[in-house]
Amino acid sequence: MKPIPYGRQHITAEDIQAVVQTLQSDFLTQGPKVAEFEKAFAEYIGADYAVAVANGTAALHLCALALGVTAGTWVITTPITFVASANCIKYAGGEIYFADIDPETALLDIQKVNALIQSKPRGYFSGIIPVDFAGYPINLEAFRNLADAHGLWLLEDACHAPGGYFVDTAGKKQMCGNSQFADLAIFSFHPVKHIATGEGGMITTNCRDLHEKLLLLRTHGITKDPEQLDQNPGGWYYEMQELGYNYRMPDMLTALGISQLKRADAGLQRRQQIAGKYDAAFAIRPEIKILNPAVNKSRVEENAIFHAYHLYVILVHDRKGLYDFLRAHQIFAQVHYIPVHTMPFYQSLGFKIGNFPEAEEYYAHCLSLPMFPGLQDEEQDFVIRKVLEFIGR
Ligand SMILES: *Cc1c(COP(=O)(O)O)cnc(C)c1O
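Just so you know, the residues in each chain are numbered from 1, in the order the chain's sequence is written. In view of the model being predicted, local features appear only for residues whose pLDDT reaches at least 70, and side-chain atom pairs are presented and counted only at 80 or more, with totals across whole chains, interfaces and linings using the full set of residues. Processing note: side-chain calculations cover all non-hydrogen atoms of the structure and skip hydrogens and water entirely.

## Regarding the site of the ligand
Selection rule: The nearness test applies per residue and asks whether one of its heavy atoms lies within 4 Å of the molecule or strand. Here a polar contact is taken to be a pair of N or O atoms separated by no more than 3.5 Å, where protein atoms must pair a possible hydrogen donor with a possible acceptor and residues adjacent in sequence count only if both atoms sit in side chains. We get accessible surface area from the Shrake-Rupley algorithm with a probe of 1.4 Å; when it comes to residues, only the shown protein chains can shield them. Numbered from the N terminus, helices here are DSSP runs of H or I no shorter than four residues, and strands are runs of E no shorter than two. When residues are sorted by character, Ala, Val, Leu, Ile, Met, Phe, Trp, Tyr, Cys and Pro go into the nonpolar class, Asp, Glu, Lys and Arg into the charged class, and all the rest, Gly among them, into the polar class.
Around the ligand, the surrounding shell holds 14 residues, and the nearest of these are Gly 56, Thr 57, Asp 157, Ser 188 and Lys 193. Thr 57 is positioned such that a nitrogen or oxygen atom in its side chain is 2.5 Å from an oxygen atom of the ligand. In the complex, the protein chains occlude 93% of the 380 Å² of accessible area that the ligand would expose alone. With 3 residues, helix α3 (residues 56-66) is the largest single contributor of residues to the shell around the ligand. Split by residue class, the shell around the ligand holds 4 nonpolar, 8 polar and 2 charged.

## Regarding the domain arrangement of the chain
Selection criterion: Boundaries of every domain are those given by an automatic assignment or by a domain database. Only heavy atoms enter the contact rule, under which two residues are in contact if any of them lie within 4.5 Å. Once two parts are brought into contact, the accessible area they lose, counted with a 1.4 Å probe and summed over both, makes up the buried area. Only one rule defines a salt bridge in this text: a Lys or Arg side-chain nitrogen within 4 Å of an Asp or Glu carboxyl oxygen.
Assigned domains within the chain: domain 1 (4-263) and domain 2 (265-391). On the side of domain 2, 48 residues touch domain 1, which itself brings 42 residues to the contact. Taken together, the two surfaces of domain 1 and domain 2 that pack against each other cover about 4000 Å², and 64% of this comes from carbon and sulfur. Among the residues of domain 1 in contact with domain 2, Ile 4, Tyr 6 and Tyr 136 are the three that bury the most area, contributing 22% of the side total. The interface formed by domain 1 and domain 2 includes 0 salt bridges.

## Here we look at the sheet that holds strand β14 (residues 305-306)
In sheet architecture, strand pairing relies on hydrogen bonds along the backbone and comes in two forms, parallel and antiparallel. Spelled out, the test is: At least two bridges found by DSSP between two strands is the condition for calling them paired.
Here we have 3 strands laid out as an open sheet, ordered β8-β7-β14, and antiparallel in their pairing. In this open sheet, the two edge strands, each paired with only one partner strand, are β8 (173-175) and β14.

## Focus: the pattern of salt bridges
Put simply, the rule reads: For every residue, the accessible area obtained with a 1.4 Å probe (protein chains only) is divided by the maximum for its type, and the residue is called buried under 20%, exposed over 50%, and partly exposed between those limits.
A complete count under the given rule lists 15 salt bridges for this structure. The partner of Lys 112 in a salt bridge is Asp 109, and the shortest N-O contact between them spans 3.3 Å. Ionic pairing is found between Glu 212 and Arg 208, a salt bridge with its closest N-O pair at 3.7 Å. You can see Glu 212 and its partner Arg 208 sitting in helix α7 (residues 208-218), 4 residues apart, about one turn around the helix. When its relative accessible area of 53% is taken as the criterion, Arg 208 is described as exposed. Each member of the salt-bridge network shares a partner with another, and the members are Arg 144, Asp 148 and Asp 183.

## What about the nonpolar core?
One recurring pattern in soluble globular proteins: nonpolar side chains tend to sit buried together. Our working definition: Definition used in this section: a nonpolar core is a set of buried Ala, Val, Leu, Ile, Met, Phe, Trp, Tyr and Cys residues joined via side-chain atoms within 4.5 Å.
In terms of nonpolar packing, the biggest core is built from 101 residues, with Phe 133 and Phe 282 touching the most fellow members. With 7 residues, the single largest contributor to this core is α3. Mapping this core onto the domain boundaries places at least three of its residues in each of domain 1 (4-263) and domain 2 (265-391). Not counting residues within four places of it along the chain, the set of residues in contact with Phe 133 comprises Ile 80, Ala 106, Leu 107, His 160, Leu 291, Leu 311, His 336, Tyr 337 and Tyr 362.

Here is the structure:
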């Protein structure tokens, strides 16, 4: 049996053709495929605007800048996420604080966020970065209400959840990253994510001003738009109006993104199918806790939650034992995530082990099993067999 990773990209002959065609065209960097990908992605997610950028981390950085994060800006996020969700605030000179997770979902616990906000003077915090961890949609309607009560902005890290949705109190389906409740949302096209372009990212928003700001910041803060120029002495002229970056996504990668996006729904269906099979095998074993199982969950049965399943996470008593056992059988399960506040960098800022006990308890037991559309049935059967074999020892 070949090694089985926890996640893997899926590249077809059509994907390759799309990239080759762009390589043969006149455009290597900013060609027509960028706007085409942005338009298709915005439509898929149901947002007004989408801005393609170099990667998910660049997306977060630009969002922090567009939201005005600067020295003295305090922002709240979850410790159970990839470090970039927190780092983006530090890049912009701001300060990050964490609120603990809800152990049931491993998502940012809104009660804890509320308590944290209440513990400080009004105006202390400026924003919240909720994460659709593992692909399970966080209830952004509730976060919007909380944010509005305190004048905060919301930046949704939807890297794990393109295609996921929850149903709001008005009965409307709200796609992750549609910016209905959040001011901005971001995605990544890293190879383990749903849509893979190698490097790549996207920002979605419904706010015209933020959209314009992001376009400027993505390309050095430079504009050539005659309507935005202070003066216009000739055709060569451009102005650098803000300190921006080169965070552009090249045409050949957006061409790959367009091709991948066409298979996004098929990929989601396959992920659901894989999750259903894991759920059925593990739900009957009391030694295994499934994170956000589809079975026996009324919200899921009512179609009120659609889990995008970037990750399939189980929690077991002897996580290290299971991790090592699976590895010995060429199954490369992973741990998502080491709590961000325990990273040496964040400890150097004053965070300590013990600060967020639910996140630390989750981390002690979690394991992400192979979950990607190209996972073969025999491979999944093998994974299930090995997990049960370890648990039954
Ligand atoms: C992948 C990921 C990112 C960063 O994306 P890159 O494209 O790798 O920079 C940020 N946040 C989360 C939750 C992610 O999973």
